[in-house]
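Remarks on the overall topology
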Amino acid sequence: MRRRESTTQRAYDIVLFGATGFAGGLTAAYLAEHAPAGVRWALAGRDREKLERLRDRLAADAPELAGLALLRADSTDPASLRAIAADTHVVATTVGPYLTYGEPLVAACAEAGTDYVDLTGEPEFVDLMYLRHHALARSTGARIVHSCGFDSIPQDLGVHYTVTRLPEGVPLRIEGFVRGSGTVSGGTLASAMTALSRPVGMVRAAAARRRAEPRPADRTISAGPGTLHRRRDLGAWAVPMPTIDPQIVGRSAAALSRYGPDFRYRAHVVADRLPVLVGGAAGFAALLAAAQLPPARRWLSGRLSPGEGPDAERRARSWFAVRFAGEGGGRRVVTEVSGGDPGYGETAKMLAESALCLALDDLPETAGQVTTATAMGEALTERLVRAGLVFRTVSPPRPSP
């Protein structure tokens, strides 16, 4: 087991912040079952009694966790966040909406040189954290890694996996197609409503980041939603996917020369029938409109309280698969990343394995705001495969038609 070098001894390898929430509880359960012996980890949150009840549940199956450390920390108390950041190598946080609650912890980790992972799918938050804390994190050695759940590991590491199966030094074109089923928790709904309610803020933050962020001078990178079209190979409609995932992929491509001199990625969600497509688009439009009205936003957010989410039976029925079609250098390859419940079971696994990877594995030297592919790449892919996710080549490299 390798721990990251540090000039000071820290008490913990990993601290899980927000452990008593729905996603946090699943992540804690995963760490309780899968963290290697000798890993020093702790639960953090603002309510000591809830933390104790969670620890008791974990210890019922793993008695050695009866003494698991519990740390008080609150998003509204920056001093408490600085204390946990200074005493651990990695902080994993599930406390959202991140636009509302996330920045003080990012700031604390950047200052302390502490690695940070979260589950955000909020583009404005990610861009603002780059603008405000990337430079400090680079100087202290902190790795700030956002979107370490279903947003955006399957697409980020799936594209990375696909790229490594295509020729080097040539223009690459990759398209992603997401299928799946699942439901949302109260925390996820709150995060989505917060992000959708701020379209102007999101556009402004993205523009400010484009002005501030260096881009490769000798390479071209393009990543975004695809176009609506019928895919005969999938027997379904491909619909533009306006999520944070292609932005994360684009940043990985900008950082890694293996993505070639001219890289393009387009992201889609798959709809089997046109009526499903029309209904989904109408539903999203209604949600976007409701998010602009505070009373409607509060009503929708109140349908699920933070800490609530789908039960184990529903999670067991949920699944996802992301298919990638890649071309470059006269070759074509089709790959796929797949797993179980995307929103919670697999997301908790991805977050926990990301934290373990940063804490324990021999990784490339990176710092500042970085992506999962840039910071962890194949090491995290291998961890996730051992944990049950599937990365596979559906159709091996062959000449393009």
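Residues numbered from 1 in each chain as written. Predicted model: local features only at pLDDT ≥ 70, side-chain atom pairs only at ≥ 80, totals over all residues. Heavy atoms only, no water.

Counting buried positions along strand S12 (residues 319–328) yields seven of 10 residues, so the element is predominantly enclosed. One ladder, built from 10 bridges, connects strand S7 (residues 172–181) with S12; its direction is antiparallel. Bridged to Arg-179 within S12 is Ala-321. Where S12 lies against strand S13 (residues 331–339), nine bridges are found, and the strand directions are antiparallel. For Arg-323, the partnering residue across the bridge sits in S13 and is Glu-336. Hairpin remark: S12 followed by S13, antiparallel, with two residues in the connecting loop; positive phi at Gly-329, about 60 degrees. (Buried < 20%, exposed > 50% of the residue type's maximum accessible area, 1.4 Å probe, protein only. Helix = DSSP H or I, 4+ residues; strand = E, 2+ residues; numbered from the N terminus. Pairing = 2+ DSSP bridges.)

Look at any regular strand and the pattern is simple: side chains alternate between the two faces of the sheet. Note that strand S9 (residues 229–231) and strand S10 (residues 236–240) share three bridges and pair antiparallel. Within S10, the residue paired with Arg-231 across the bridge is Ala-236. Connecting the antiparallel pair S9 and S10 is a turn made up of four residues, with Gly-235 showing a positive phi of about 65 degrees.

Right, let's get into the layout of surface pockets. Of the pockets and cavities examined, the second largest pocket occupies roughly 460 Å³. Around the second largest pocket, the lining comprises 21 residues; the ones closest to its centre are His-134, Glu-213, Arg-251, Ala-255 and Gln-369. Only helix H6 (123–140), helix H10 (245–255) and strand S14 (368–370) provide two or more residues apiece to the lining of the second largest pocket. If one sorts the elements of the lining of the second largest pocket by residue count, H10 sits on top with five residues. Residue composition of the lining of the second largest pocket, by class: nine nonpolar, seven polar and five charged. (1 Å grid on protein atoms, 1.4 Å probe; cavity = no way out; pocket = protein on both sides within 12 Å on 5 of 7 lines; lining within 4 Å. Points joined across faces, edges and corners; volume = space filled by probe spheres on them. Nonpolar A, V, L, I, M, F, W, Y, C, P; charged D, E, K, R; others polar.)

Moving on, we get to the pattern of salt bridges. One pass over the full model with this rule turns up 18 salt bridges. Asp-127 serves as the salt-bridge partner of Arg-251, at 3.0 Å between the closest nitrogen and oxygen. On the criterion of sequence distance, the pair formed by Arg-251 in helix H10 and Asp-127 in helix H6 is long-range, its members being 124 residues apart. Residues Glu-346 and Lys-349 are paired through a salt bridge, measuring 2.8 Å at the closest nitrogen-oxygen approach. A residue pair is termed a helical-turn pair when its members lie 3 or 4 positions apart in one helix, as Glu-346 and Lys-349 do in helix H14 (residues 345–360) at three residues. Taken as a pair, Glu-346 and Lys-349 share a single burial class, namely buried. One salt-bridge network, held together by shared partners, links Asp-127, Arg-209, Glu-213 and Arg-251. (Salt bridge = Lys/Arg side-chain N within 4 Å of Asp/Glu carboxyl O.)

Where like charges cluster on the molecular surface, the positive patch consists of Arg-46, Lys-50, Arg-53 and Arg-57. As for its placement among the helices and strands, Arg-53 is situated in helix H2 (residues 48–61). Looking at Arg-53, the relative accessible area reads 43%, which means it is partly exposed. (Patch = residues over 30% accessible without salt bridge, like charges linked within 9 Å, V, L, I, M, F, W, Y side chains within 5 Å. Areas by Shrake-Rupley, 256 points an atom, 1.4 Å probe, with all protein chains shown as cover. Lys, Arg positive; Asp, Glu negative; His and termini not counted. Charge placed at Lys NZ, Arg CZ, Asp CG, Glu CD.)

Taken by themselves, the reported measurements are silent on function.
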